[in-house]
Amino acid sequence: MKLGSILVAGVLALGLAFAGPANAQTYLADWGVADMRAALTAVNATVTGDGALSDGSPYVSARSPGGLKFTVSGRVCEGPAGAKRCKGALLETRFTLDSDAQVETRLKQFDFAAVSITNGGDGDLLVSRYLIFDHGLHRENLQINISVFTGVAEDIWGQL
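Residues numbered from 1 in each chain as written. Predicted model: local features only at pLDDT ≥ 70, side-chain atom pairs only at ≥ 80, totals over all residues. Heavy atoms only, no water.

1. What about the packing of helix α2 (residues 33–42) against helix α4 (residues 139–159)?
Right, so step 1: Two numbers describe how α2 lies on α4: the axes approach to 9 Å, and their chain directions differ by 65°. Here α2 and α4 pass one another in a crossing that is right-handed. Contacts between α2 and α4 involve D35, M36, A39, L40 and A42 from the former and R139, L142, Q143 and I146 from the latter.
Right, so step 2: Tallied by class, the residues present in the contact of α2 with α4 amount to six nonpolar, one polar and two charged. (Axes fitted to C-alpha atoms, helices over the stretch in contact; angles between N-to-C directions. Helix = DSSP H or I, 4+ residues; strand = E, 2+ residues; numbered from the N terminus. Left-handed = near helix turned anticlockwise from the far one by under 90°. Contact = heavy atoms within 4.5 Å. Nonpolar A, V, L, I, M, F, W, Y, C, P; charged D, E, K, R; others polar.)

The structure is reproduced here in structure tokens:
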């Protein structure tokens, strides 16, 4: 009986020893294109493309299940071109209205704490959400943030 207890204790100790690293894998201290593609796919968005901005920071283009087109672009990125990892992500979409005056009128209509809504000029109403990965962002929280962004942006889209 004592040998059985020792074996069980040993197995439990091994499980606890590996629990930290396994749990740490669920957090992203930064992100790259593959990470963002996986998060977008997990919320049923369709990835339509990816690449690098003029400064080499990554971006991923997607379409929500509701048809909203948006991008996720990297901020505070480090690493070699084509493999940069970023501590920030900007989720953004834009809606083109007839004029800047119409954009200004619409800006007064919307009040969402979850997103920033601004006048992008040339009749563009910009909707964005900034995510900070410092000290880690749980993968499921990333997915929730993407869903919140697309949900609010689709709501705005429906009111335009």
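2. Considerations on the sheet that holds strand β7 (residues 124–132)
Right, so step 1: Pairing within the open sheet is antiparallel, and its six strands lie in the order β2-β3-β4-β5-β7-β6. Of all strands in the sheet, those with a lone pairing partner are β2 (46–52) and β6 (116–121), marking the two edges. Here the average twist between neighbouring strands, direction ignored, is 25°.
Right, so step 2: When β6 meets β7, the two strands line up antiparallel, connected through five bridges. Looking across to β7, one finds that N119 is bridged to L125.
Right, so step 3: Sheet contacts for α2: β2, β3 (58–63), β4 (69–78) and β5 (85–96); angle to β3, the most-contacted strand, approximately 15°. (Pairing = 2+ DSSP bridges.)

3. Regarding the packing of aromatic side chains
Right, so step 1: Tallied over the entire structure, the rule returns three aromatic pairs.
Right, so step 2: Plain terms: the ring middles of F95 and W157 are 6.4 Å apart, the flat faces sit at 20° to each other, and that makes the pair stacked. A residue pair is termed long-range when its members are at least 10 positions apart, and F95 in strand β5 and W157 in helix α4 qualify at 62 residues.
Right, so step 3: The exposure class assigned to F95 is buried, which follows from its relative accessible area of 7%.
Right, so step 4: Looking at W157, the relative accessible area reads 38%, which means it is partly exposed. (Phe/Tyr/Trp six-rings, centres within 6.5 Å; stacked < 30°, edge-to-face > 60°. Buried < 20%, exposed > 50% of the residue type's maximum accessible area, 1.4 Å probe, protein only.)

4. Regarding the pattern of salt bridges
Right, so step 1: This model, assessed by the stated rule, comprises five salt bridges.
Right, so step 2: Here R85 makes a salt bridge to D35, at a shortest N to O gap of 2.6 Å. With R85 in strand β5 and D35 in helix α2, this pair connects stretches of sequence that are 50 residues apart.
Right, so step 3: Residue R85 is classed as partly exposed on the basis of its relative accessible area, which comes to 32%.
Right, so step 4: Linking D124 and R94 is a salt bridge whose minimum nitrogen-to-oxygen distance equals 2.9 Å. Highlighted residues: D124 in strand β7 and R94 in strand β5, separated in sequence by 30 residues.
Right, so step 5: Using a relative accessible area of 11% as the deciding quantity, one classes D124 as buried.
Right, so step 6: Beyond isolated ion pairs, a larger network of salt bridges with shared partners links D30, D35, R85 and R139. (Salt bridge = Lys/Arg side-chain N within 4 Å of Asp/Glu carboxyl O.)

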